[in-house]
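Now for the letters of each chain:
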Amino acid sequence: MPKIHVTDLDGSEADIDGRAGYTLMEELRSFNYSAIEAACGGSCSCATCHVIIDGAWFTKLSAPSETELELVSMAPGAEEHSRLSCQILLSDELDGLKIRIAQPGAA
Ligand code: FES
């Protein structure tokens, strides 16, 4: 069960227990992170599940698709380590993953 360290919009931090086989977006929503709207339901077409990945973890994730790269680059507040949380599949290898919730807003 991968533990995920989450920094919310207000700077508050928490460790949540994610489930391997679920997406990061699904787990953030299950823990009521309201800024993660996930308007498209995880089909990589809305960018309302935008998160910023801690630099040390960014390269450990599977590479984003061209569609994700294009979409996340247009997300409000996009940064170098931005990802769409619906495209990150949790696994035990991601235990300790650190992320920050990005300012919400559609692309
Ligand atoms: S939920 Fe829409 S792009 Fe992730």
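None of these values were measured; they are calculated from a predicted model.

Asks: Can you walk me through the overall build of the protein chain in this structure?
Replies: A tally of regular secondary structure across the protein chain gives three helices and five strands. In the protein chain, the succession of helices and strands from N to C terminus is β-β-α-β-α-α-β-β. Taking all 107 residues of the protein chain together, 40% fall into the buried category. Looking at the protein chain alone, contacts between residues at least 24 apart form 65% of all its contacts between residues at least 6 apart.

Asks: Teacher, can you tell me more about the environment of D8 here?
Replies: Position of D8 relative to the elements: it lies in the loop between β1 (3-7) and β2 (13-17). For D8, a relative accessible area of 23% puts it in the partly exposed group. Once the C-alpha coordinates of D8 and S91 are considered, the two residues, 83 residues apart in sequence, prove to be 22 Å apart. Beyond its immediate stretch of four places on either side in the chain, D8 contacts Y33 and I101.

Asks: How should I be thinking about the side chain of H5 in this particular structure?
Replies: With respect to the helices and strands, H5 occurs in strand β1. Within polar-contact distance, the side chain of H5 engages the side chain of D15 at 2.8 Å. Excluding its chain neighbours within four sequence positions, the residues that come into contact with H5 are E13, A14, D15, L97, K98 and I99.

Asks: Looking at this structure, I do not really get unusual backbone geometry. What am I missing?
Replies: A negative phi angle characterises most non-glycine residues, just as the trans form characterises most peptide bonds. Positive phi, normally seen in glycine, also occurs at N32, with a value near 65 degrees. You can see N32 is positioned in the loop between α1 (24-30) and β3 (50-53). Notably, C44 is not glycine yet its phi reads approximately 60 degrees, a positive angle. Tracing the sequence through the fold places C44 in the loop between α1 and β3.

Asks: Help me understand the pattern of salt bridges, please; the structure alone is not making it clear to me.
Replies: Think of it this way: side chains of opposite charge can pair up when their charged atoms draw near. If you walk through the whole model with that rule in mind, you get four salt bridges. We note a salt bridge from E27 to R19, for which the minimum N-O separation is 2.8 Å. What makes R19 partly exposed here is its relative accessible area of 35%. For R100, the salt bridge is made with E79, and the minimal N-O distance between the two is 3.0 Å.

Asks: Explain the pairing of β3 here, please?
Replies: Along any regular strand the residues' side chains alternate between the sheet's two faces. Neither face of β3 is exposed, since H50 and I52 on one face and V51 and I53 on the opposite face are all buried. As judged from the three bridges shared by β3 and strand β4 (residues 82-84), these two strands associate in the antiparallel manner. Bridge pairing in β4 links I52 to S82. Bridge analysis of β3 against strand β5 (residues 97-101) gives three bridges, and the strand direction is antiparallel.

What counts, and at which threshold
- Residues numbered from 1 in each chain as written.
- Predicted model: local features only at pLDDT ≥ 70, side-chain atom pairs only at ≥ 80, totals over all residues.
- Heavy atoms only, no water.
- Helix = DSSP H or I, 4+ residues; strand = E, 2+ residues; numbered from the N terminus.
- Buried < 20%, exposed > 50% of the residue type's maximum accessible area, 1.4 Å probe, protein only.
- Contact = heavy atoms within 4.5 Å.
- Polar contact = N/O pair within 3.5 Å; in protein donor to acceptor, adjacent residues only side chain to side chain.
- Salt bridge = Lys/Arg side-chain N within 4 Å of Asp/Glu carboxyl O.
- Pairing = 2+ DSSP bridges.

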